[in-house]
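# Coordinates in review
Each chain, written out:
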Amino acid sequence: MKKIAVLVSGGGTNLQALIDAQNNGILKSGKICCVISSSKKAYALTRAQNAGIPAEAVSRRDYTSSVQFDEALLGVLERYGADIIVLAGFLCILGESVIKSYPNRIINIHPSLIPSFCGDGFYGLRVHEEALKKGVKVTGATVHFVNEITDGGAIIMQKAVNVQNGDTPEILQRRVMEQAEWEILPKSCELVCAGRVSVTDGVTVIE
Ligand code: GAR
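Residues numbered from 1 in each chain as written. Predicted model: local features only at pLDDT ≥ 70, side-chain atom pairs only at ≥ 80, totals over all residues. Heavy atoms only, no water.

## Considerations on the site of the ligand
Where we set the bar: Only heavy atoms are used to decide nearness, and a residue is near a molecule or strand if one of them lies within 4 Å of it. Between N or O atoms, a polar contact is any pair within 3.5 Å; within protein, one atom must be a potential hydrogen donor and the other a potential acceptor, and residues adjacent in sequence are included only when both atoms are from side chains. Only the protein chains shown count as cover for residues, with accessible areas throughout obtained via the Shrake-Rupley method and a probe of 1.4 Å. Segments assigned H or I by DSSP are reported as helices when at least four residues long, segments assigned E as strands when at least two residues long, and all are numbered from the N terminus. Each residue receives one of three labels: charged for Asp, Glu, Lys and Arg, nonpolar for Ala, Val, Leu, Ile, Met, Phe, Trp, Tyr, Cys and Pro, and polar for the others, Gly being one of them.
Gly12, Thr13, Asn14, Gly124 and Glu181 are the nearest of the 14 residues found near the ligand. Contact distances for the ligand include 2.8 Å between an oxygen atom and a backbone N or O atom of Gly124. About the coverage of the ligand: the protein hides 91% of its 450 Å² of free accessible area. Going through the elements one at a time, α1 (13-24), β5 (106-110) and α6 (169-193) are the ones with two or more residues in the shell around the ligand. Tallied by class, the residues present in the shell around the ligand amount to five nonpolar, eight polar and one charged.

## Side note on the sheet that holds strand β4 (residues 84-87)
Selection criterion: Strand pairing is assigned whenever DSSP detects at least two bridges linking the two strands. Think of each axis as a best-fit line through the C-alpha atoms, taken over the contacting stretch in the case of a helix, with angles from 0 to 180 degrees between the N-to-C directions. The contact criterion used is simple: two residues touch if any of their non-hydrogen atoms lie within 4.5 Å.
If you trace the seven strands from one edge of the open sheet to the other, you get β3-β2-β1-β4-β5-β6-β7, paired in mixed fashion. Since the sheet does not close on itself, it has two edges, and those belong to β3 (55-57) and β7 (155-162), each with one partner. The mean angle between the axes of side-by-side strands here comes to 20°, regardless of whether they run parallel or antiparallel. Bridge analysis of strand β1 (residues 2-8) against β4 gives four bridges, and the strand direction is parallel. By the bridge assignment for β4, Ile4 is matched with Ile84. Most of the contacts of α1 go to strand β2 (residues 30-37), to which it runs at about 160°, and overall it touches β1, β2, β4 and β5.

## Remarks on the pattern of salt bridges
The test is simple: Throughout this description, the term salt bridge denotes a Lys or Arg side-chain nitrogen within 4 Å of a carboxyl oxygen of Asp or Glu. Think of it in three bands: with a 1.4 Å probe and only protein chains considered, a residue is buried below 20% of the maximum accessible area for its type, exposed above 50%, and partly exposed in between.
Inspection of the entire model under this criterion finds ten salt bridges. For Lys28, the salt bridge is made with Glu190, and the minimal N-O distance between the two is 3.9 Å. Highlighted residues: Lys28 in the loop between α1 and β2 and Glu190 in helix α6, separated in sequence by 162 residues. On the accessibility criterion, Lys28 (57% relative accessible area) is exposed. When its relative accessible area of 10% is taken as the criterion, Glu190 is described as buried. Residue Lys40 is joined to Asp62 by a salt bridge in which the shortest nitrogen-to-oxygen separation is 2.9 Å. Placement of Lys40 in the loop between β2 and α2 (43-50) and of Asp62 in the loop between β3 and α3 (66-79) is noted, with a sequence separation of 22 residues between them.

## Regarding helix α5 (residues 125-134)
Operational definition: The reported arc concerns the directions from the helix axis to the C-beta atoms and nothing else.
The set of residues buried in α5 consists of Val127, His128, Glu130 and Ala131. Buried residues of α5 fall within an arc of 160° about the axis and therefore sit on the same side. Considering only its buried residues, α5 is in contact with β5 and α6. Of the residues flanking the end of α5, it is Gly135, one or two places downstream, whose phi is positive at about 80°.

## Topic: the layout of surface pockets
Empty space left among the atoms is revealed by rolling a probe the size of a water molecule over them. Quick note on the threshold: Think of a 1 Å grid over the protein atoms and nothing else: a 1.4 Å probe that fits but is trapped marks a cavity, an open set flanked by protein within 12 Å on at least five of seven lines marks a pocket, and residues with an atom within 4 Å of a point count as lining. Grid points are joined across faces, edges and corners, and a volume is the space filled by probe spheres set on the points.
Counted as a void, the largest pocket has a volume near 760 Å³. Taken together, 39 residues form the lining of the largest pocket, with Gly89, Phe90, Leu91, Asn108 and Tyr123 sitting closest to its centre. Mapped by element, the contributors of at least two residues to the lining of the largest pocket are α1, β5, β6 (138-145) and α6. Grouping the constituent residues of the lining of the largest pocket by class yields 16 nonpolar, 19 polar and four charged.

## Focus on the pairing of β6
Of all eight residues making up β6, seven are buried, and the element is well covered by its neighbours. Looking at chain direction, β5 and β6 are connected through four bridges and run antiparallel. Residue Ile109 lies in a different strand from β6, and its bridge partner there is Val143. For β6 and β7, the ladder comprises seven bridges, and the chain directions are antiparallel. Counterpart to Thr139 in the pairing with β7 is Val161.

As structure tokens, this is what we get:
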């Protein structure tokens, strides 16, 4: 059974999807060992507490440099013995030391079909604003491994979602969450924990 650390920054609906998946058996090869929030006020912390999962905040503001922030994060991850890290709406960029410590063991959920609408500055509602501005008719979500390039790691799973007439960024965000994110994040997490995902030349193979 792999130990999963879930990193969050906000509402934590993707964390909730992971908790639900753990309870209904979709996520069975791993168990959430801790939730780490970049914000002390994140509702995700309350969700963790309600589920009886240890939760703490590691706030970037409490550290003078990103190197120190990364060290603090690594310290917490090691204390809980995390094997796999899931970025579930974690809005800080992870530093090299964290990424190098967990090669192909960090996964992220991004609310678009990568390589569209991704990279530096594309997070949260902003992604859906840009998709609507471009007028795409299909968007979706992507789960991928994290490497040193923002949203650049090997893709594990994607799911498409239709854009509809009259969509606002908020409406589209909710549909992408409901129809794609909350489904593919727990499924991908299970595949990674079960050791069914390998990476060759930047591309995943799923057994
Ligand atoms: C989700 O839509 C997630 O895909 C996005 O932030 C939201 C977090 O919601 N992540 C990114 O944009 C990362 N680049 P949640 O806190 O309710 O899970």
